[in-house]
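Now for the letters of each chain:
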Amino acid sequence: MAAAVREGSVPADHYLNKALEQARAVDRGHEGLNAFLALAKPGGPAPDAPDSGSGRAGETHPTGDGLLAGVPVAVKDNLCTLDLPTTCASRILEGYRSPYEATAVRRLRVAGARLVGKTNMDEFAMGSSTENSAFGPTRNPRDRDRVPGGSSGGSAAAVAAGVVPCALGSDTGGSVRQPAAFCGVVGVKPTYGRVSRYGLVAFASSLDQVGAFGRSVLDAALLLEAVAGYDPRDPTSVRRPVPDLSGGLDEGIRGRVVGLPREYLPDTLAPEVRARYDEAVERLREAGARIREVSLPHTRFAVSTYYVLAPAEASSNLARYDGVRYGGRASEARSTLELYRASRTRGFGPEVVRRIMLGTFGLSAGYHDQYYDRAQKVRALIARDFERVWADGVDLLFTPTAPGPAFRLGERTADPVAMYLSDVFTVTANLAGIPGVSVPMGEVAGGGGDRPPLGGQFLAPPWHEAPMLQAARALEVSYGITGEDT
Amino acid sequence: MTDRAPDAGYEAVIGLEIHVQLRTEEKLFCPDGTGFGEVPNTNVCPVCLGLPGALPVLNREAVELAVRASLAFGCTVHQRSVWARKNYFYPDLPKGYQISQFEEPLATDGVFRVETDDTSDPVGRLAIRIRRIHMEEDAGKSIHDRFEGATAVDLNRTGTPLIEMVTEPDFRSPAQVRAWLTGVKQVLEYLEVSDCNMEEGSLRVDANVSIRPVGSEPLGTKTELKNMNSFSGVERALDVEIARQRDVVAMGGQVAHQTLLWDERRGDVRPMRSKEESHDYRYFPDPDLPPLQVSENLIEAVKAQLPELPAARRTRFREDYGLPAYDAGVLTARRPLADYYEETARTSGAPKEASNWIMGPVLAAMNARDLEADDFPVRPVHLAELIDLVEEGTINRNVAKDVLGRMLESAAGVEVGSAAAKTPAEIVREEGLATVSDTGRLEAWVEDALAAHPEEVARFRDGETRLQGFFMGEVMKRSRGKADPTEVARILTERLEET
């Protein structure tokens, strides 16, 4: 696509207009996907639209102009955009327009990409099914009775439905990788600090990272390459050169040591999931990988650690939505306290309220040591598990992305803990700050005669996205996915 | 008044929390300006407005100022300190938390001494330990009296860099507090880290106070005093609160732990509503900001560049210029004035004269015009020239005072230090103000004065010699002050004693 636009054989708006047409066709009406919360106007603003302000000195130059020339891209609704609202799928930000643009979005424009629209998500990225959106759930394009996963469900669905070749999401505990697995597409979460968080509406700042979806590993790699790099506006972004992620993708996996962590393969894992996983491992072996069993003993504490730390940070990050300066405001309130209470009660959905309560509790006097401080210690242990494995000569880890395929809409909404457990294999990468990618790993029998897809996850040491994506590519090729040209 | 002996064997125990706005161009975490008194909500951006997705970026200039202050107050500056979020809801706190430091502050364990005339202190030095100095961002301002039935919020101040200095409870009287604060303010001004303007809020002092029986070790229950807008307000508020606590105890009651607001107009304290104070701030390390690293090199460089502080300068002024303690104290109170004095003294070579001039007419003129020494139109080089003109005898002291007035007039409206301002020598020359010692002219003025007052001449000759001064005045009048007084006295004596 990009090559055709760069050469001028296709008009710059061609793919954008096709994507918009497609989005309108699949998104609305009975059983529509509801993947988009807002769509761009046909034609849209030019790709070189002036940015929100000049970068501070020292910003790593965004990778080559025209990398994504004319490519239509969908963006999760928690990334700030100038020309479309940014709501985080929350009533409290309904209609909110950011006066500035997220660095990742600005870099998309610099690379020539065309913003198709803002995608649906779990409210403030809190959820694993996109059912927590204040504007209705997104449906899974592979089976419209199933959830697309979450929280970046809208972006995953937009890619899976063929509206866009790639889309941005964010991954705090698996919010890119899990929906990628559920929708049968590729989803990559880079190393913490690889992509600027400036303009990514914070859920849990120490875990949040912008991630990329693609129809293929190549699409995801191109998108990641375009948005990655140091940004002086984000003190947690890291000053490191962005490697050529898309160029060496076909180098394969020969000779790489791939670890299979036993903690990710519990006896309780569904036999069919285990079967698909074992087949994938066999494919890796055939592609030349050296397979080794490894152990990450603190994995079993990961979900509880995550659900102390993420809500703690969220309780503070979401304090700014108070109805005073922007967003939904309970204007009839007669006192400041009443204004806060009414605006927040009305503006936040039940899952957000639950996490704010959880997080506030974990930081409260008397509980701080027991919850927040202890969780920080366990987090360090979880990170150390990974460091030990890398130090032992393991290049990559391979796991199922989620314990099972996409569940049905409404199936888990009444049981938050069951919902939280769908993150069990993905939260560790966020806690340790390492990169991870989910690639399609076959299908299972869906019960209703359908064949929902599964995802397999590669994890890699910090900054090792390139070999990780090469492995993902090798697996993808073994399934016959060629990767169309972006 | 404030040093009254503790009633009934009780002593006060006081500790301070001091917030100092740092004088930076930009805010602590974003590039907005920090000016005071600008149009509300104009010095703001996505970061200090707390807009969704915005992230803080540290201003290193503020760190350097904070390190400077920490070193000047004798603290250990830590190479690693941690930003923490202090969570609470308030309309002028856009993010719902303040970025501060909590468990690992920038600096700890300082001591700062001031000289006092407190007779109860045998050394005459008040040494107060500083527990910690940490950095944080300021909140905005809630304005409750601007709109009927509504609160207005101005976020210009939001994100202005502050240091908070916490002392140990080492004070035993409100007078000590005031004396020490005066010294602290002097140092902060010398360091050029803050404007220290309590009215504009760039220096804010809260106090914790309790009482206990003299000789008793454990601390009593403390109350927290807020809302004092001057050092004298701090002193008076503490006086009032200590008296209140004594009354409570004398009546057999117990002091309740609470926050009290000083009411300057009523001269009284009132409890803050409990809703306003009971906070669990839920501190935790700010995940948006890596720990603050201050290199050994930076600490050493800042240390090497610390200016001479007021106490050292006072000592040196006494030693180098032979000034009395009082003069040295007045002249070093503010760094621009001390610089002004020092330049004048060095240029003129008459340090004591320079002190007399500056502590007298110059300071009076500065105060009348509300000017700092560095904005005063008469520059040290010209003041020194004026002093030299007197020392050489070109003009006398009274004429010199007039010349100073002319210098101020000629400098009015021109830029400070501009060549357009007249030098004292020019004024003396142009206006013919040089002392007249020419005997012929002096004798003529004497003749004229005596001839005009025959009666007084007769009384003088009858022994009323104190009339000498009267004749002196008459001659000076005729000379418009220019007559050389020594010569005039000699001629007068000669003429009056002739019979």
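Residues numbered from 1 in each chain as written. Chains lettered and ligands numbered in written order. Predicted model: local features only at pLDDT ≥ 70, side-chain atom pairs only at ≥ 80, totals over all residues.

**Q** Explanation requested: the overall build of chain A in the structure shown.
**A** The helix and strand tally for chain A stands at 14 helices and 11 strands. Over its C-alpha trace chain A gives a radius of gyration of 21 Å, about what one expects of a compact globule, namely 23 Å for 486 residues. Overall, the C-alpha framework of chain A stretches about 70 × 65 × 55 Å when taken along its three principal axes. Sorting the 486 residues of chain A into buried and exposed places 61% on the buried side. For chain A, contacts bridging at least 24 residues in sequence account for 77% of all contacts bridging at least 6. (Helix = DSSP H or I, 4+ residues; strand = E, 2+ residues; numbered from the N terminus. Rg over C-alpha atoms; globule rule 2.2 N^0.38 Å. Buried ≥ 20, exposed ≤ 12 C-beta atoms within 10 Å, placed from the backbone. Contact = placed C-beta atoms within 7 Å.)

**Q** Got a minute to help me understand the overall build of chain B in this structure?
**A** A tally of helices and strands in chain B yields 16 helices and 16 strands. Taken against the 2.2 N^0.38 rule, which gives 23 Å for 499 residues, the C-alpha radius of gyration of chain B at 30 Å runs more than 25% over that of a compact globule. Dimensions of chain B along its principal axes, counting C-alpha atoms only, are 100 × 55 × 50 Å. Split into buried and exposed, the 499 residues of chain B put 40% on the buried side. Restricting the contact set of chain B to residue pairs at least 6 apart, pairs at least 24 apart contribute 70%.

**Q** Explain unusual backbone geometry here, please?
**A** Across residues other than glycine, the phi torsion is negative in most instances, and most of the peptide bonds are trans. Residues and elements named next belong to chain A. The omega torsion of the bond from Gly150 to Ser151 falls at 10°, within 30 degrees of zero and hence cis. Along the chain, Ser151 falls in the loop between β3 (114-119) and α4 (153-160). Positive phi, normally seen in glycine, also occurs at Thr130, with a value near 65°. Mapping Thr130 onto the fold places it in the loop between β3 and α4. For Thr130, a count of 34 C-beta atoms within 10 Å translates into the label buried.

**Q** Which parts of the structure should I look at to understand the interface of chain A and chain B?
**A** Contact residues are listed per partner, giving 35 residues for chain A and 25 residues for chain B. Those elements that provide at least two residues to the side of chain A that touches chain B are α8 (302-317), α9 (336-347) and α10 (350-363) of chain A. Sorting elements by how many residues they give to the side of chain A that touches chain B places α8 of chain A first, with 3 residues. Along the lines of polarity and charge, the residues of the side of chain A that touches chain B split into 18 nonpolar, 10 polar and 7 charged. (Nonpolar A, V, L, I, M, F, W, Y, C, P; charged D, E, K, R; others polar.)

**Q** I keep staring at the pairing of strand β12 (residues 223-228) of chain B and nothing clicks. Help me out?
**A** Within a regular strand, side chains alternate between the sheet's two faces. Residue and element names in this part refer to chain B. As paired elements, strand β11 (residues 203-213) and β12 share 4 bridges and run antiparallel to each other. Residue pairing in the sheet places Asn208 in a bridge with Glu224 of β12. When β12 meets strand β13 (residues 259-263), the two strands line up parallel, connected through 3 bridges. Its bridge partner lying in β13, Leu225 is registered against Leu260. For the crossover that starts at β12, traverses helix α3 (residues 231-250) and ends in the parallel β13, the hand is left-handed. (Pairing = 2+ DSSP bridges. Right-handed = clockwise from strand over helix to strand, strands pointing away.)

**Q** Just to check I follow, could you spell out the nonpolar core for this structure?
**A** Among soluble globular proteins, nonpolar side chains are generally buried collectively. Grouped together as the largest cluster of nonpolar side chains are 220 residues, with contacts concentrated most on Leu68, Val73, Val116 and Phe213 of chain A. Beyond its immediate stretch of four places on either side in the chain, Phe213 of chain A contacts Ser155, Ala156, Val159, Cys166, Ala167, Gly169, Val176, Ala180, Val185, Val186, Gly187 and Ala220 of chain A. Ranked by size, the runner-up nonpolar core spans 33 residues in total, among them Ala338, Tyr340, Ala400 and Leu433 of chain B. (Core = buried A, V, L, I, M, F, W, Y, C linked by C-beta atoms within 7 Å.)

**Q** How should the sheet that holds strand β9 (residues 396-400) of chain A be read in this particular structure?
**A** All names here are of chain A. The sheet built from 11 strands is open, its strands ordered β1-β3-β2-β4-β6-β5-β10-β11-β9-β7-β8 with mixed pairing. The sheet is open, and its two edges are formed by β1 (36-39) and β8 (290-294), each paired on a single side. Averaged over all neighbouring strand pairs, the angle between strand axes comes to 30°, with direction disregarded. Across the sheet, helix α7 (residues 271-286) is in contact with β7 (257-261), β8, β9, β10 (436-443) and β11 (453-459); its angle to β10 comes to roughly 110°. (Axes fitted to C-alpha atoms, helices over the stretch in contact; angles between N-to-C directions.)

**Q** When you look at helix α15 (residues 468-479) of chain B in this model, what are you seeing that I'm missing?
**A** One turn of an α-helix holds 3.6 residues; hence residues three or four places apart share an orientation. Between its first and last C-alpha, α15 of chain B extends 17 Å over 12 residues, near the 16 Å set by a 1.5 Å rise per residue. The positive-phi residue at the C-terminal boundary of α15 of chain B is Arg480 of chain B, with phi of around 50°. (Expected span 1.5 Å × (residues − 1).)

**Q** Please clarify how the sheet that holds β13 of chain B should be interpreted in this entry.
**A** Residue and element names in this part refer to chain B. Pairing is mixed in the open sheet, where 9 strands are placed in the order β2-β6-β7-β10-β1-β11-β12-β13-β14. The open sheet terminates on both sides in strands that have one partner only, identified here as β2 (76-77) and β14 (268-271). As paired strands, strand β7 (residues 125-137) and strand β10 (residues 161-167) are joined by 7 bridges and run antiparallel to one another. From the neighbouring strand, Ile130 faces β10, where its bridge partner is Thr167. The strands that helix α1 (residues 60-72) touches are β2, β6 (107-115), β7 and β10; relative to β7, the one it contacts most, it runs at about 165°. Of the strands in this sheet, β1 (10-21), β11, β12, β13 and β14 touch α3, which is tilted by about 25° from β11.

**Q** Any chance you could explain the confidence of the model for chain A here in plain terms?
**A** In low-pLDDT segments, the atomic positions of the prediction should not be examined closely. Residue and element names in this part refer to chain A. For chain A, the average pLDDT comes to 92, and 94% of its residues sit at 70 or higher. Long-range and interchain partners of residues 48-58, a stretch whose pLDDT sits below 50, account for 13 contacts in this model, where long-range means more than four residues apart. With pLDDT under 50 throughout, residues 60-64 is counted as low confidence; its partners more than four residues away or in other chains account for 12 contacts. (pLDDT = per-residue confidence, 0-100.)

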